[in-house]
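The chain contents come next:
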Amino acid sequence: MARYCNIALCTAVAALVALGLVMLASTSAWVKGVEEPYHFFWRQAGMAVFGVVAAFLLARLDPKHLRQWWPWILAVCCVLLSLCYVPGISKTINGETRWITLPGIGQFQPSEVAKAVTMIAMAGWFARWQTETRTLFRGFIVPALLLGIPFALILFETDMGTAVGLGAAGFSVLFIAGSRLLFLLPTTGLGALAFGFLVRSNDNRWERIEAWLNLEDPHHQLDKGLQQWRALLAFGNGGVNGQGLGNGFEKFGHMPYAHTDFIFPNIGEELGLWGTLGTVLCYVVIAVAGIGIGVTAQNVFNRCLAIGLTAVIVVPAMINIAVTTAVLPNTGLPLPFVSFGGTNLVFTLASVGLLCGIQRRSRLEKVRSEPLTANKTYEVRL
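Just so we're clear, the structure is a prediction, and the values are computed from it rather than from any experiment.

Calculation rules
Residues numbered from 1 in each chain as written. Predicted model: local features only at pLDDT ≥ 70, side-chain atom pairs only at ≥ 80, totals over all residues. Heavy atoms only, no water. Pairing = 2+ DSSP bridges. Helix = DSSP H or I, 4+ residues; strand = E, 2+ residues; numbered from the N terminus. Axes fitted to C-alpha atoms, helices over the stretch in contact; angles between N-to-C directions. Salt bridge = Lys/Arg side-chain N within 4 Å of Asp/Glu carboxyl O. Buried < 20%, exposed > 50% of the residue type's maximum accessible area, 1.4 Å probe, protein only. Contact = heavy atoms within 4.5 Å. Polar contact = N/O pair within 3.5 Å; in protein donor to acceptor, adjacent residues only side chain to side chain. Parallel < 35°, antiparallel > 145°, perpendicular 65-115°, else oblique. Nonpolar A, V, L, I, M, F, W, Y, C, P; charged D, E, K, R; others polar. 1 Å grid on protein atoms, 1.4 Å probe; cavity = no way out; pocket = protein on both sides within 12 Å on 5 of 7 lines; lining within 4 Å. Points joined across faces, edges and corners; volume = space filled by probe spheres on them. Left-handed = near helix turned anticlockwise from the far one by under 90°.

(A) Local environment of the sheet that holds strand β2 (residues 96–102). Reading across the sheet, the 3 strands line up as β1-β2-β3 and stay open at both edges, with antiparallel pairing between neighbours. The open sheet is flanked by β1 (90–93) and β3 (106–108), the only strands paired with a single partner. Adjacent strand axes in the sheet meet at a mean angle of 35° when their direction is disregarded. Looking at chain direction, β2 and β3 are connected through 3 bridges and run antiparallel.

(B) Representation of the pattern of salt bridges in the model. Under the criterion given, the structure shown has 5 salt bridges. R98 is paired through a salt bridge with D159; the nearest N and O atoms lie 3.2 Å apart. With R98 in strand β2 and D159 in the loop between α5 (137–155) and α6 (160–177), this pair connects stretches of sequence that are 61 residues apart. A single burial state applies to R98 and to D159, both of which are buried. Across the salt bridge formed by R138 and E132, the nearest N and O atoms sit 3.1 Å from each other.

(C) Representation of the environment of G290 in the model. Tracing the backbone through its elements, the reader meets G290 in helix α11 (residues 263–295). Since its relative accessible area comes to 0%, G290 is described here as buried. Residues G290 and I307 lie 17 residues apart in sequence; the distance between their C-alpha atoms is 6.6 Å. If we skip the residues at most four places from it in the chain, G290 touches A306 and T310.

(D) The arrangement of the environment of S339 in detail. Along the polypeptide, S339 turns up in the loop between α12 (300–324) and α13 (342–360). Excluding its chain neighbours within four sequence positions, the residues that come into contact with S339 are Q44, H259, T260, D261, I263 and P334. Engagement of the side chain of S339 in a polar contact is seen with the backbone nitrogen of L335, the distance being 2.8 Å.

(E) Structural view of the packing of helix α4 (residues 110–128) against α5. Close contact between α4 and α5 brings their axes to 10 Å; oriented N to C, the two are set at 170°. Comparing the axis directions of α4 and α5 gives the class roughly antiparallel. Seen from α4, the contacting residues are S111, A114, T118, A121, M122, W125 and F126; seen from α5, they are R138, G139, V142, P143, L146, L147, P150 and I154. Considered class by class, the residues forming the contact of α4 with α5 number 11 nonpolar, 3 polar and 1 charged.

(F) The layout of surface pockets, seen in detail. The calculated volume of the largest pocket comes to roughly 1,200 Å³. Considering the residues around the largest pocket, the lining is formed by 39 residues, among which I93, W99, Q107, Q109 and F340 are closest to the centre. Listing elements by their share of the lining of the largest pocket, those giving two or more residues are α2 (39–59), β2, β3, α4, α8 (203–213), α10 (226–238) and α13. Put simply, the second largest pocket is a space of about 670 Å³. As for the second largest pocket, its lining consists of 22 residues, of which F151, G167, T187, T188 and G191 are closest to the centre. Residue assignment for the lining of the second largest pocket shows that the elements contributing at least two residues are α5, α6 and α7 (181–201). A total of 8 residues in the lining of the second largest pocket trace back to one element, the largest contributor, which is α7. Considered class by class, the residues forming the lining of the second largest pocket number 17 nonpolar, 5 polar and no charged.

(G) Local environment of the packing of helix α3 (residues 63–82) against α4. The interhelical angle for the contact between α3 and α4, taken along N-to-C directions, is 145°, at an axis separation of 8 Å. Relative to α4, the crossing made by α3 is left-handed. Contacts between α3 and α4 involve L66, R67, W70, I73, L74, C77, L80 and L81 from the first element and P110, S111, V113, A114, V117, I120, A121, G124, W125, A127 and R128 from the second. Among the residues making up the contact of α3 with α4, the classes are represented as 15 nonpolar, 2 polar and 2 charged.

Put into structure tokens, the structure is as follows:
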């Protein structure tokens, strides 16, 4: 079973990366302010190669090294997240300060690093204290703090979409590891209330929610609800069979960020319902394969890490698809493997490499072909 999970996982990921490159070639040529028509396509292709190399190397890395060094890895990740608050290093785009620029590395998002690192840290903690997962302190408070520190650093960058995805992934690890629902459910409820308060106190976020609730209003269609309104028009234009690859209309400057956060509606417009259903199917395959790898993992660390990595891939995809179909308000999350974004692509492929590495070290116990009663035993009597 585990071998087939690995094959299914790699096949679905390869299909999504290929689809992303094709759609970038179709949409990015019309991005305003860029002289080279295929600038984003070639850049994404280069990052895809880099991500595949990283995935190959991580697939050969023994997870026990991550288990040993997770405190230091988490500390470095938190330092990178803290740099988003340092003037001169951080960069703000569309009201969100989630990018930093470092010499020799360039611009990237520490929050993409934090998603995988947080799952490694939580898995390492539960592997160390696996007999106390039902307790309050070591089974809930400490792992919740391991999740809460990067969660808070990302949230106050006003990157609420990534924070929600990370929180959902962390909740899945807590649940799988055995934390009691008596602790999880009240905390989730209080967290939802606090998150709602933060959204209400942020004018930009609240205006997005108002626009989402009133997309038929012409005022919102030209302001905060522009992207989601044009996305719905793109899905309607595509219908079942689509307009044909390269024949989409909304990418011609009508829908902003058609090559990043809102690339899914362009898939619907050009490839139709079949293209969107195929994309969703790939994420379903990734979810099933990731869970399968987690179920067949040898130990607690590998099991928790596999479930967490699967969640940090699939949950943002679910949120992005829900946003572009106007089921949820706009959050600014990219579609994993498909949307343009070098940091997201590299570290998502790296997460896939870790999943493949966990699968390579999984061993299933062979079931006896004969009942125990059919076995003969011999003894020596003195």
